[in-house]
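# Structure assessment
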Amino acid sequence: QVQLSESGGGSVQAGGSLRLSCKMSGYTYSSMAWFRQPPGKQREEREGVAALGSDGTTDYADDVKGRFTIARDNAKNTLYLEMNNLKPENTAVYYCVAPGPRMSALQALHAMPTAIPLANWGQGTLVTVTS
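Residues numbered from 1 in each chain as written. Predicted model: local features only at pLDDT ≥ 70, side-chain atom pairs only at ≥ 80, totals over all residues. Heavy atoms only, no water.

### Considering the state of the cysteines
The full count for this structure, using the stated rule, is one disulfide. Note that Cys22 is cross-linked by a disulfide to Cys96, the S-S spacing being 2.1 Å. The sign of the -75 degrees torsion about the S-S bond sets the Cys22-Cys96 disulfide as left-handed. Of this pair, Cys22 sits in strand β3 (residues 18-26) while Cys96 sits in strand β9 (residues 92-100); the two residues are 74 residues apart in sequence, bridging distant segments of the chain. Here Cys22 falls in the buried class, since its relative accessible area comes to 0%. (Disulfide = S-S within 2.5 Å. Helix = DSSP H or I, 4+ residues; strand = E, 2+ residues; numbered from the N terminus. Buried < 20%, exposed > 50% of the residue type's maximum accessible area, 1.4 Å probe, protein only.)

Written as structure tokens, this is what we have:
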């Protein structure tokens, strides 16, 4: 069973940067993703932000392309999300997710949140971007 633990969230002014980390343990998946849940949204409305496919390719939500970067350090069993030029609309709880054992980046990014077992989600880390 995969175990995921995020860190690195916090409050930052618009234009600032944050790096989220996700420590992975247990069974590790070759495809991983970051999802977000903005304030007022429900679990089923969580959406993919960035994904890393089992083939090493990446994919991003349109609104973060060019600003966010997903990366994985296999030696440290850690997944990262580098977020630059943050905007107030990026405020959300960010989740590290193992959407499936072997997915393309596109599949991982657009996986339905309700189809992903709860055990494959981290606890989430809050990112607040102030204007």
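### Notes on the packing of aromatic side chains
Scanning the entire structure with this criterion turns up three aromatic pairs. Plain terms: the ring middles of Tyr27 and Tyr29 are 5.2 Å apart, the flat faces sit at 85 degrees to each other, and that makes the pair edge-to-face. The class of Tyr29 is buried, set by a relative accessible area of 14%. Ring centres of Phe35 and Trp121 lie 5.5 Å apart, and the angle between their planes is 75 degrees; this geometry places the pair in the edge-to-face category. (Phe/Tyr/Trp six-rings, centres within 6.5 Å; stacked < 30°, edge-to-face > 60°.)

### A short note on the sheet that holds β3
Spatially, β1-β3-β8-β7 is the arrangement adopted by the four strands of the open sheet, whose pairing is antiparallel. Looking at strand neighbours, the two that pair on one side only are β1 (2-7) and β7 (68-73), the edges of this open sheet. Adjacent strand axes in the sheet meet at a mean angle of 20 degrees, parallel and antiparallel pairs treated alike. Two strands pair when backbone bridges link them, and β1 and β3 are joined in this way by six bridges, in the antiparallel orientation. Residue pairing across strands places Glu6 opposite Cys22, the latter belonging to β3. (Pairing = 2+ DSSP bridges. Axes fitted to C-alpha atoms, helices over the stretch in contact; angles between N-to-C directions.)

### Section: the nonpolar core
Counting 28 residues, the largest nonpolar core has Trp34, Phe68, Leu79, Leu81, Met83 and Tyr94 as its most contacted members. Counting residues per element, the ones that place at least two in this core are β1, β3, β4 (31-37), β5 (47-52), β7, β8 (78-83), β9 and β10 (125-130). Counting residues in hydrophobic clusters, the runner-up holds eleven residues, among them Phe35, Tyr95, Leu109 and Trp121. (Core = buried A, V, L, I, M, F, W, Y, C linked by side-chain atoms within 4.5 Å.)

### A closer look at the side chain of Thr78
Take Thr78: it is sitting in strand β8. For Thr78, the side chain forms a polar contact with the main-chain oxygen of Lys76, separated by 2.8 Å. (Polar contact = N/O pair within 3.5 Å; in protein donor to acceptor, adjacent residues only side chain to side chain.)

### Considering the pairing of β10
Burial of β10 is one-sided: the residues Thr125, Val127 and Val129 facing one way are buried, the residues Leu126, Thr128 and Thr130 facing the other way are not. For strand β2 (residues 10-13) and β10, the ladder comprises four bridges, and the chain directions are parallel. Within β10, the position partnered with Val12 by the bridge is Val129. As paired strands, β9 and β10 are joined by three bridges and run antiparallel to one another. Directly across from Tyr94, in β10, lies its bridge partner Thr125.

By themselves, these are just geometric observations and shouldn't be taken as functional.
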